Every structure is written in C-alpha cells, then in structure tokens.
Amino acid sequence: MFKEFNIIDKMTVPPPSDDPSFKAAAEQELQRFSGIVENSCSTLQGKLLQSKKWMATGDSLLNVHEPSQVQPIVIKLSPHEPDGIKNIRSDIESVRKVVTALSVLCQEVKLLLAEAEHELIPPIALYGEAVNTPNPDVSGEAYVYIARMLPLLGRVQSFVARVSEVVTNIILQLSALHPPQQQQAIISTKDVHLQVIWEHLGRLLAVVVSLDLIVSVNKDLNQHWIQYKRLVTSAPTILLNETLPDDASQVLDQKTLQPLHRMVRDIDENVMHAAMFKQVCNRSSSAATATARNVPLRDEMLVVILGWCSQLESQCSKPWWCDLQQDVVAVTCLLQLHQHHFDPVPSKRAAKALQQLLKKVPCVTVFGSAVWRGEQFLTRECERLKSLWEPKICAALVQHRSQHLTSVTASLGKLAASTKLQVDGWCAELAAASTKPTSQFTRQDLSHRSKLFMQGLVLAVSARYTVTSVLSLHLQHGRLLARSCVLSVCSMLHAIHAVRAAYATHTTQLLAHTLPHVTQFLVAQLLAAVSQAKRKLSASSGNKQTQIDVLACLKIVETCLGSSAPSITNVTSARVALSLANHQDVLKGDELAQLVVLLRRLELLSELQERIDAATDVGVLLYRHSIIATTFCEVFGAAASDPPLHPATLQAVLSCASDAKRHLLRCCHLHQPQLLLDAFTEQLCTAIEEKVVSPLCTAIETELRLSTLWHLEVQPRNPFQPSSAQASSNTTGTVAPPPIFDPMPFLCLPPLNCLGRIINLKERVEQYLSSTFYALTVVAPHNCHSNTEMRTVALQKWGLMLQDSRLPPHTTHQGVDVLEVVRQLAVFVRRYHYSLSQQVFVEAESDSKHLNTLNITHIANSIRTHGAGIINSTVNFTYQFLVGRFKVFSQFLYDEQIKSRLVKDRKHWMQVQTVTEKWFPFERAEQFNLGIRKLGVNAQGLSYLDQFRELVTHIGNAMGFVRLVRSGSLRCASNTMEFLPALNELKSFEPLCYQHDQDGSDAKLTVSTDTLAAARNLDTVILNLQQTFQKETDFFKILVDVFRKALSTESYRHLKNFHLIIAALAVNFVHHSVTAKDLLNKRSKTGAAFCMDGFAMGIAYLLSVLDQGTAFDAMHWWSGVRRHFISQREKVERQRNSALASGDTKLAETLALTLTRLREQQQEHELLYLTVSSARGFFRNTERHEEEDPSGHDGSTTDEKDSVKSVNGS
C-alpha cells in the first residue's frame, strides 16, 4: 500500500514581529531546523534509491520507464484543512457573515464542478462504447444499457436541481450586497467588484452547458433513450396482451410501473432534451423574482462581464491563457443569464466584446471530441441576443475557425519542435535546480523555482490545448489528418509525457522540499502587501464605517493566509475578503494587480498536483481519435527513412493512453466497466504487435541475413547516406539495396507498459528469431551453420541472446517419430498397412505423390534420440488401445444376429464332422458373408463383417507395431555394440583398476577415484547392452497373458465361437484383397493396397488370446478351401473343354475369365494361409493346450501337408 504524507500542513508561517531579537532567534532556529530536515532527507533519499533498485530487480512490472509507477511513497503536496471556514474570524459580525456565506458558496461550486467533471460527464460521453456487441439495437442490449444508465441520469437531474438552488442563492446574496438605491447594504460595497463570485457562478453555468452538449452530441444515447421510452410507455399494453409467468406477473403490474413512468418522464423533460441550462435560468429567475428589478445588480453584472471579456482577451497573448479557455464558456453563460434574468435591451458592447473573444478562442473542447462553439450556443439558447448575431457574423466566425485550423495545421510542425525545445530546456533547469540544498535558498532561488513550477504547467496546458483543438477541429470539419500532422501531434504527446515524468521524478527531490518554502514566500509577500494596505488605510481619512469594514476584510485575509498552510479553501476565502476590501482609495491598480497575481500563483501551488494531472490527461482524447495505430506505424516506418519520431515516443503515447483508464472505468452502461478497459488494452496491444513488433522482427531478420550471407550479390550500402539518396543515386535500373537499419533505439527501450501489460521489445525479438531459426533448421538442416552465424552476429552487434537453433541428435533418415505414432496409435493403425515379411508399415492413402513408410531403421533412430524408455511406453499405449478394441470385439460377437449364426454353424459343423467331411464347408462361409451383408451397410458401403475385419486388422497392426519396436530396439543395441568385441570375451574394467598381491589377498587402487567411477559406469553400460541384446523380452506373451486371464471368465463365454467366424472373415478378406490389388493396377489413390498382413497378425493374436488355435486347426479350413477351389477349377475346365468342342467361343472366353478369377482367389487364400501360419509362430510359446503327437509324427497338420503338396504341384 502506498502511504500518503501531507507535508505542507506541518509548515507554518511565523507571525510577523518587529522585534530584532525575535527575528535573530527565529533565523537561528530555522537554520538548525533546516539542517535536521536535510539530514533526514538524505537518509530518506538513500532508502528511496535502495527500494527502487529492489523493486526494479524484484518485479518486472515496476521496471518500466514510468517514473510515476516506481515511487514507493506517494507524497500528497496539496494542503488540507478539515474546516477552513473557521479561519474566517472578525470582530465585525456582518463582515464575517458575508465572507463566510460567499466562501461557502464558492466551495459548494467547486464541489459541484468536481462532481460533474469526474462522475457525470465521463459516463455519459462514453455511452455507446460496446464490447463484442456490434449492433445493440438488434440484439436488445440498448434497453439494458439505458436501464443501467437510469441511476446516473437521475443523479444528473438531481445535480441540475442543486445547481439551480446554488445559482439562486448566489444571485440573492449578490442582490443583498448590491441592493436597490432605496435599500441599505449589509456592508459597504461601493466600487467593489466581486469578480471571484461571478467567476464561480459562470463556471457552474458552464458545466451545465457542458452536460447539455455531451447529451446532445451522443447519438447512441438519444436513439436508445427513444427506444427505451417507447418500451416503458407500451409496458401496460404488453402486460395486458402477453401471458407472463406467475412470478413475473406478480411483480410487474401497472401500480409498480408508475414510479418508473414518472422517473422516465422527469428524466426525459429535464435531461434528455439538452435544455438543462434553460431550466437553471428559468428556476433561478422564478426563485429570485425580486432581484429582476435590481438595477445596481444588473449594472454590476454587466460591468463584470465586460471586464472579464477584456481580461480574457488580453490574456490570450500570454502563455497561460490556454488554461482559461473554459472561462470563455463561463462568461458567455453569464451574459445569457444576465439577459434572461434582467430582460434588458441587448448590450451591443457586450455582444461585440464577446465576438472579439470568440475570434481569439475559436473552439473549446469540453470532453473528448465534444466541441463548444459560441455562435451556435448564443443563437440557440439566447433569444434576446439573436438579433445582435446576424448570420454573416456567425458565418464569419465559422470561416475564421476554418482558417485558424488551416494556419495551425501548417505551423504545427514548427510549434511541436519549439515545444520540444522548451520542454527539454525546462527539464534541464528543473534538474539543475534540484541540486541546491534548501538551507541555502535565497529569494531569487524561491522566485526562480516558483516560476519553474508554473512554467512546466503552462507548457503542458499549452501543448494539450494545441492537440485537443487540432484533433477536435479536424473531426468537426470532417478533414483527414495528414501524416505530418500526426507526427506533430505525437511529438506534442511526447512533450506532455516528458512534463509529467519530470514532475513525477522530482516530486521527492524538488517539489516536497521546495513547495512549502515557495508557498511561505508567496504568503509573506501577500501579508506584507496587506499589512501595508492596513497602515495606509489607518492613516487616511474617510468614511469610518467603510474603513472599519475594509480593515475587517483585510484582517480576514491575514487570518486565512497566516494561520496555517493555505489550502484552496483559505485562498478562496482570502480572495473573497480581498474583493470586498477593494475600494478605490485602499489599493491602487498596480498593487491590486500584484495581489491578484500572487493569489493566482498561490492558488495554483495549492492544487499543483491536481492541475498537473488535468493538464497531462489526454487519455479520452486518444480513445476518441484513432491515431495510436498511425503513430506506431510512423514510429517504426520512420526508422528506415526520415526519422522525425524517436522510438521513445512509443512509451509516451502509451503513457498518455493510460490516462483513459480512469475514464473508461466510470462507464455505467456495461455490466462490468473492466470489459471496456480490457477491449481498449487489447486494441493497443494488437496495434503494437502489428505495427511495431512484427515489422521490427522482420527488419532485424533481414538485416542479419544481409550481414551474414556475404555470398549473395548485394550492392554496397552506405551507412552515412539516407535511403532516399541511395534510391536517387540508383540510375542503372537495378534494384536499389535496402538501407542499413539500426534497431538499437528499439532494443534499448525499457519494457513498454500498456495499461498493465508489459511488452519487452528485446525479448520479443529474441523469441521470434529463436523460433524462426529453429524452424528453418528443421526444414533445411544443412543451413544450421548459417543460422548459428546469424545468432552470433545478433549477439555481437545488438546483444540479442538467442537460443541454440541446432536440432536434437537426429539423422537424415529419422523418418516418422515413434513418439508421435504412440500418441496417435489409433490413427496410425487405421492409416497404415503392415507387411509381415518386410517389417514395414506403408501409408494407405496420401494426397501427395509419395507414401510415408515406417521401418526398423526409423524406430532405431527414434530410440537413439529419445532413449530406450519409449519401448515400455509403446507397450503401455498398445495395451490401452487394445482394451478399447476388445470391448468392440466382444460387443460384435455378443450381438444376437452374429451369435445365432455362429451357433448354427457350430451345430452344422458338428454334424458334418461326424458324418461325411473332415473340413469346414466353404459354402457356409460364403453364406455367412452374404447373410451379414443383407443386414445393411454404412455410408462407405461396408457391411458389419467388413467392419469386424477392419477391427481385426487394426489389432494386428498394433501387434505388428510392437514387433517393429522390439526389432528397432535390437537394431539400436546392435549399432551401439558394433564398437565392442565379442560379448563373451569382454572383461570387467573395475578389477583392472586394482593391483593385487601375489597371493591375491590384498587389492590396491592404482587409479583415481574418478577413474574408478568411470570404470564402474562403463561396466554398467556394457552389462545393460549385453542384457538388451541377449535377453529377449517377449512383449507378445505379456499382451496375450494380460487379456487371456480377463477373457477366460464366464462373462465372455460368447467369445468361444470366434474360431468359427474366421472362415467367413477369410473369405471377406480375400475379396477385399483382390479388389485392393485391382485398384492398385488401375493406379487409384483410394482403396489400393498391396500388403495387408495386419489381418493375419490379428487372427493369430486373437486365437492365442482366446486359446482357440486347436479348435481352429480342427476345422481344417485351409484344406477345405483348397479342395473347394480344385473342384471348382476342374468343373470349369470341363465346361470350357465342352464349349471349345462345341465351338461356343464366347462361353469359352467367359469360362476362361472365371478360371482366372478362381486362380487369383485360390492364390490369395494360399498367401493368407502362409501369412497366418507365420504369424502364429510368434505366439507358439503362449498356447497352453498344444500337445505333442502321440503317434510320433513330426507334428505337421493336415493343412500344412496339403499346402506343401499344393505348392509342389503348382
């Protein structure tokens, strides 16, 4: 938490005394106290620097080029007094009451101004800014927005009512001080002009005019209000016609809607018609009807208006006039109130004075892009002054405003350069002034520092007025901002940021130390002038009552300024009392002007921090004008061409944009104001990313390539020659080389603070280059040396620490990474086909001209890269994959359609086996296929049996992948052991490190302990290699045993008929294989294949898991298939011979094609048999019921013997 210290409250002004001894003692005590303060300040400064270093290194959010954000202690310099009215003390009760009443009214006006400026105007001006709602009217969000704005609009209504009361009270108080001639005044006010009271009254009216302007220019607010008012008006009709839920109907009725109707009607009449100023004038006139015939008050008000106009017109040539632009609205409102209240004949003199003033102040920016124009206000609000404002006068003002915009835009570049020089000089003077100790201050030092404080404020106010007026007038006239204008505006914003940073930097070193002394210095001058006026008045002769009143007022001035550090309340009370004491014979013109200037400075110093914040606040301006992206683009675009903007402008613009935070958080129409702030922050970050970060990274990468790739034919570049000169000197027609780009101004920038989000340009460039070089190395590994060279150049030239772009120890034959296959095993077994004999996976389909493969070499390379631990991971992932597939496998065999057919086949086989045949009928398998297809097919034309065949194939592919990984591990171990001699001849290295005695009893270590540890490690590695190479871990047995135990329970009895469906699966697979090979011959990219051994691998694995190998062999399926095709071929041969004998050539050709088809199918069945037999060889040691042949035969089955005979015969 930040801790606030109020320093000025503790500083007091010693009472004046003419005793020399008192002055000497006081001077001695002040010198001693100054030494104590200086020692304490030096100690505090050391603590402050130490805390800054800790904060900069401990938290990156504080390590930002924002002085206001790295202050561990927030020092509040504004003096505070709980009850400043108590300082108004006088023996004359009437004088005390008058000064108290007027001071309280001024304080009330200040509170109302602060409420409107901070709490009422921003939410209304920001209405309509939606987040992720492009059209609130269509989506219904408009009603919700207005509903959320109702409390604020009601508050505005109450605010206007309170303003009317305060205005009425001020008019009545002034009427009592300036009564008609027949009445007696409370105190003597002859030749007294209460300028301070009239100023507060005009500013209060001006803020009401600002509310009217903000409401009228917000089109979204007016449009949504009309819709909401129509909805509320039609609510009773909706309640009658619509059927609402019970809970809603109990709450919504006409009686409960009456308060809402009244509220909407009042807000519509008092606020939404943008007639709040007229209401204030009407209410004040109605409440103070008796004052309308007060001629002295009318004349006094006109004199004040003319004097105020003359004063503002004369100050337009002075540096600080920009801070008084709101007073132009105030004096105009005061003239309108004068005409409305007293109803006199329009004063041509006042109208002419106002016309001259409006020419010198062409526009006044109220808030954001809302601009107040005097001629429109007077012709719309003041009916009595309309006769003096002819159309040609209004047209002349509009033309003058347009000419002013043109002239200011033309000279904006020079003005920006001049402002930059003035701000730089002021910052240097401020830094130099902070070095002198406070104990050595003189009058000249205090006066100089006071002027420095005012000068920085004036520079900020002037720059802000220039930026606001230029952007607002461009928006009002519909003109586009030129590039030069944007650059000048950015330079102005940079100057404003510099002023803010200077004040923030010197808050502790300069302001906190000097401001109390400067305040005391000004107070002493004021008290000396007041004391002189009192002596002069006491010595003069005149009206005693008037002298008594004036002396009482001067006494109040001394009390307000000398009791304690003068707060803004005390200064205002002093101004009121001084105005009442300003008679002709008391203060001369020069004396009065000096007092006014001193009070003005004292008032500014009393609220210096608040005025600095207001003068450097341009957040809403930037939010309303989309110049941020253009600024970012120009900041980087200027780096390669003419550089008018320094990269430090980025932080200046972001710092100015951060001022929008406090305004955006005051919006009321959104559910959470933070949403609007987040959207604005995201917009800024996106603009920085697109306009600065991305081009900067690309430019640095290009510069690195041009610096390192010397073999490219690039024209020489002159670093001292601008890019425009290089382009103009290129007359040969060739492409000019790009200019030399220096990124150091960007890389040296501290991290940018974008509304709390930190953007480090150097880190972003390092991340971009590191990722780019790594990606390029992946694509082209042979260019890794070039990337390494660029990395070295980036480190040497710009200090960029890039990551090493070299890849892990891969090889050029790395191929598919086994880890990616394991992570996506389900996709892999579906997209790849397995070859049992070649141990390779081939991609099934591809849009390119090549097919990816995965073989033993790829697996060995992946194991070398990732280590042997991926083997166990492969088995684990395969187990998880098989768990899901076995669930589908069980569900298919449990289906009633499948289970019933298998039961029928089992019964038929039992009958056939005992009666006639010894092999499973081929016709039953074909009928099973046809019967399953009749049940239906999916969108791809696959029957249920086709999908079951694919399931078996996927299981077999998974087992083939496990086999491939095991073979790859052996290949990797073999490649590693090729540098070792025979495994059986290896000796341990650890015993060689010891020297044994002749008897072998004692062993002495002959090497160092590190060598002994290395020998042990080498022995461990060799032992692991021997075990890996010799010990064959049977992963198949593991995967068989784990599922065999689970599937052997009674819950899976329906799986015992699986061996009967293999015949139908084999027939289905052969048909699919023949079709796939035909498509391969036709060069089709879809469905073609030449190796699908995953099916055979799956059949072998499932037979082993379900322990049905013996049952399947007993079916003699392969013998039955062979005999079926032999009989079919013999039958077709006989028919073909008969056709040839009879001369029927067409029938003979058809039978020849049939004979070819039978040969192909028989060949596919033979290949499937051989593949299944080979695959079952991997699971021989997992079968439990294999018994030796008791007859002493060689153990060959009938199918194997028949296969041998068939192969020999063919």
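Since this is a predicted model, take the numbers as computed values, not measurements. (Residues numbered from 1 in each chain as written. Predicted model: local features only at pLDDT ≥ 70, side-chain atom pairs only at ≥ 80, totals over all residues. Heavy atoms only, no water.)

1. Points about the overall build of the protein chain
Reasoning step 1: Across its full length, the protein chain carries 47 helices and 11 strands.
Reasoning step 2: Expressed as a percentage of its 1210 residues, the buried residues of the protein chain come to 46%.
Reasoning step 3: The contacts in the protein chain between residues at least 6 apart in sequence include a share of 79% that link residues at least 24 apart.
Reasoning step 4: Total accessible area on the protein chain is roughly 60,700 Å²; 54% of this is exposed by carbon and sulfur atoms. (Helix = DSSP H or I, 4+ residues; strand = E, 2+ residues; numbered from the N terminus. Buried < 20%, exposed > 50% of the residue type's maximum accessible area, 1.4 Å probe, protein only. Contact = heavy atoms within 4.5 Å. Areas by Shrake-Rupley, 256 points an atom, 1.4 Å probe, with all protein chains shown as cover.)

2. Structural notes on unusual backbone geometry
Reasoning step 1: Here Ala-274, not a glycine, exhibits a phi torsion of approximately 55°, which is positive.
Reasoning step 2: Despite not being glycine, Asp-1107 has its phi angle at roughly 55°, a positive value.
Reasoning step 3: By the element assignment, Asp-1107 lies in the loop between α43 (1094–1106) and α44 (1109–1114).

3. Let's talk about the confidence of the model for the protein chain
Reasoning step 1: On average, residues of the protein chain score 78 in pLDDT, and 79% of them are at 70 or above.
Reasoning step 2: For the protein chain, the element scoring lowest by mean pLDDT is strand β1 (residues 4–6), at 38; α43 scores highest, at 91.
Reasoning step 3: Note that pLDDT drops below 50 for residues 722–735; the model gives that stretch 13 contacts with residues more than four away or on any other chain.
Reasoning step 4: Note on residues 1185–1210: pLDDT is under 50 here. Beyond four places in sequence and across chains, it has 24 contacts. (pLDDT = per-residue confidence, 0-100.)

4. Describing the side chain of Glu-603
Reasoning step 1: Locating Glu-603 in the fold gives a position in helix α22 (residues 589–606).
Reasoning step 2: For Glu-603, a relative accessible area of 7% corresponds to the buried category.
Reasoning step 3: With near-sequence residues (within four places) excluded, Glu-603 lies in contact with Lys-110, Ile-568, Val-571, Arg-575 and Arg-611.

5. Observations regarding the pattern of salt bridges
Reasoning step 1: Using the criterion set out here, one finds 32 salt bridges in the structure.
Reasoning step 2: Between Asp-659 and Arg-500 there is a salt bridge, with the nearest N and O atoms lying 2.3 Å from each other. One end of the pair, Asp-659, is in the loop between α26 (649–657) and α27 (660–664); the other, Arg-500, is in helix α18 (residues 483–505), and 159 residues separate them in sequence.
Reasoning step 3: As a salt-bridge pair, Arg-575 and Glu-603 come within 3.4 Å of each other at their nearest N and O atoms. One end of the pair, Arg-575, is in helix α21 (residues 568–580); the other, Glu-603, is in helix α22, and 28 residues separate them in sequence.
Reasoning step 4: Taken together, the salt bridges that share partners define one network made up of Lys-110, Glu-199, Arg-203, Asp-327, Arg-575 and Glu-603. (Salt bridge = Lys/Arg side-chain N within 4 Å of Asp/Glu carboxyl O.)

6. A look at helix α39 (residues 944–976)
Reasoning step 1: The terminal C-alpha atoms of α39, which comprises 33 residues, lie 48 Å apart, in line with the 48 Å expected from a rise of 1.5 Å per residue.
Reasoning step 2: Counting buried residues in α39 gives 25 out of 33 residues, a clear majority hidden from the surface. (Expected span 1.5 Å × (residues − 1).)

7. Points about the sheet that holds strand β9 (residues 853–854)
Reasoning step 1: Spatial strand order, β7-β8-β9: three strands in an open sheet with antiparallel pairing. Pairing within the sheet leaves two strands with one partner each, and these edge strands are β7 (832–835) and β9.
Reasoning step 2: As defined by bridge partners, β7 adjoins strand β8 (residues 840–843) across four bridges and the pair is classed as antiparallel. Residue pairing across strands places Tyr-834 opposite Phe-841, the latter belonging to β8. (Pairing = 2+ DSSP bridges.)

8. Things to note about the nonpolar core
Reasoning step 1: Counting residues in hydrophobic clusters, the biggest one holds 196 residues, and the most contacted among them are Trp-372, Phe-453, Ile-700 and Leu-761.
Reasoning step 2: A per-element tally of this core places helix α4 (residues 141–177) first, with 16 residues.
Reasoning step 3: Setting aside its immediate chain neighbours within four residues, Phe-453 contacts Leu-430, Tyr-503, Leu-510, Leu-511, Thr-514, Leu-515, Val-518, Leu-605 and Leu-608.
Reasoning step 4: Tyr-834, Ala-1100, Leu-1106 and Val-1172 belong to the second-largest nonpolar core, a separate cluster that totals 91 residues. (Core = buried A, V, L, I, M, F, W, Y, C linked by side-chain atoms within 4.5 Å.)

9. A closer look at the state of the cysteines
Reasoning step 1: In this structure the tally under the stated criterion is zero disulfides.
Reasoning step 2: Here Cys-485 stays unpaired: no disulfide links it, and the sulfur of Cys-490, its closest cysteine neighbor, is 9.6 Å away.
Reasoning step 3: Overall, Cys-485 belongs to the buried group, its relative accessible area being 1%. (Disulfide = S-S within 2.5 Å.)

10. Let's talk about the pairing of β8
As a general feature of sheets, a regular strand has side chains that alternate between the two faces.
Reasoning step 1: Of the two faces of β8, the one lined by Val-840 and Val-842 and the one lined by Phe-841 and Glu-843 are each fully buried.
Reasoning step 2: Linking β7 to β8, which pair antiparallel, is a turn of four residues; within it Gln-839 sits at a positive phi near 55°.
Reasoning step 3: In this sheet, β9 lies alongside β8 in antiparallel orientation, the contact comprising two bridges. Looking at β9, one finds that Phe-841 is bridged to Leu-854.

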